[in-house]
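Listed below are the residues making up each chain.
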Amino acid sequence: RIRPRRVSTPRFPDPWPSRQPSWPPAPWIMSGTVLTAWFDLPREQIENLISPSLVPPSGQLGPSRLRFYELDYRPANPDLSAAATGRFREAVVGLPATYGSSTGDISAHMWSDSDTYMHWGRDVFGWPVLRAPVELEGEIWAGEIGPTSTGTATLELSDGSRAAISVDRVEEDLPPPTPAAWITPRLISSPLEE
């Protein structure tokens, strides 16, 4: 007679794999403030910034965007420790892109002030997140959004490059939010064949 043997899943003690805090397991809950500036770039400029495979051969390209985030994150699972929560700031340049019949944008340039978020974005999604200070100031970042609210969002890199959005008033009728359609290409390593 064979008795079934209970096999336990091996559990690695925290921290795993290193003392660098890891992003919490999915699903996640994120909340905070996002500020976006939309603008049009010439086709030639976009073709020089992303792979030709992601630019349609003809037709109108959509708008590009500069977006700043300040987000709190936590795991949806309340049983996970408080160490799995945090806050990060981010700046992203998104460019219009297509792949097959999918149309959206690609996050072509990304910067964050959080090592934990940077590692997660690079490891899980293949995003090109780099470490940089993101400065956010003003009432809109404090959640006080009204007609006279002001605020700034600035990214300044060590090479002198700079991206910024300045808000000196808020229109009463804000456009409704639109769902994001991110195209996220990434390199997947495969084992060498002998």
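Residues numbered from 1 in each chain as written. Predicted model: local features only at pLDDT ≥ 70, side-chain atom pairs only at ≥ 80, totals over all residues. Heavy atoms only, no water.

Draft legend 1. Region of interest: the nonpolar core. Within the largest apolar cluster, 27 residues are counted, with the highest numbers of intra-cluster contacts made by Leu-35, Ile-50, Phe-68, Trp-141 and Leu-155. Elements with a minimum of two residues in this core: β2 (64-75), β3 (86-99), β4 (102-112), β6 (134-138), β7 (151-156) and β8 (162-167). The greatest single-element share of this core, amounting to 4 residues, is contributed by β3. Contact partners of Leu-155, with chain neighbours within four places excluded, come to Phe-68, Ala-91, Trp-111, Ala-132, Pro-133, Val-134, Ser-161, Arg-162 and Ala-163. Counting residues in each nonpolar core, the second largest holds 12 residues, with Tyr-69, Val-92, Trp-120 and Trp-127 among its members. (Core = buried A, V, L, I, M, F, W, Y, C linked by side-chain atoms within 4.5 Å. Buried < 20%, exposed > 50% of the residue type's maximum accessible area, 1.4 Å probe, protein only. Helix = DSSP H or I, 4+ residues; strand = E, 2+ residues; numbered from the N terminus. Contact = heavy atoms within 4.5 Å.)

Draft legend 2. Quick look at the sheet that holds strand β1 (residues 28-39). Reading across the sheet, the 5 strands line up as β1-β2-β3-β4-β5 and stay open at both edges, with mixed pairing between neighbours. The sheet terminates laterally at β1 and β5 (129-131), the two strands that pair on one side only. Going from strand to strand, the sheet's axes swing by 25° on average, the running direction of each strand aside. Of the strands in this sheet, β1, β2, β3, β4 and β5 touch helix α2 (residues 115-125), which is tilted by about 155° from β5. (Pairing = 2+ DSSP bridges. Axes fitted to C-alpha atoms, helices over the stretch in contact; angles between N-to-C directions.)

Draft legend 3. Structural view of α2. Of all the residues in α2, the buried ones are Thr-116, Tyr-117, Met-118, Trp-120 and Gly-121. Check the buried side of α2 and you find it contacts β1, β2, β3, β4 and β5. One side-chain oxygen at the N-terminal end of α2 lies 3.3 Å from the backbone nitrogen of Thr-116; it belongs to Ser-114. (Polar contact = N/O pair within 3.5 Å; in protein donor to acceptor, adjacent residues only side chain to side chain.)

Draft legend 4. Examining the sheet that holds β7 more closely. Here 3 strands make up an open sheet; going across it, the order is β6-β7-β8 and the pairing antiparallel. Of all strands in the sheet, those bounded by a partner on one side alone are β6 and β8. Averaged over all neighbouring strand pairs, the angle between strand axes comes to 5°, with direction disregarded. As paired strands, β6 and β7 are joined by 5 bridges and run antiparallel to one another.

Draft legend 5. Just the side chain of Arg-67, in detail. Take Arg-67: it is sitting in strand β2. Among buried charged residues, Arg-67 stands out as having no salt bridge; its nearest opposite-charge side chain is Asp-105, 5.8 Å away. At 2.6 Å, the side chain of Arg-67 forms a polar contact with the side chain of Thr-36. Every residue in contact with Arg-67, bar those within four places of it in the chain, is listed here: Val-34, Leu-35, Thr-36, Trp-38, Glu-90, Ala-91 and Val-92. (Lys, Arg positive; Asp, Glu negative; His and termini not counted. Salt bridge = Lys/Arg side-chain N within 4 Å of Asp/Glu carboxyl O.)

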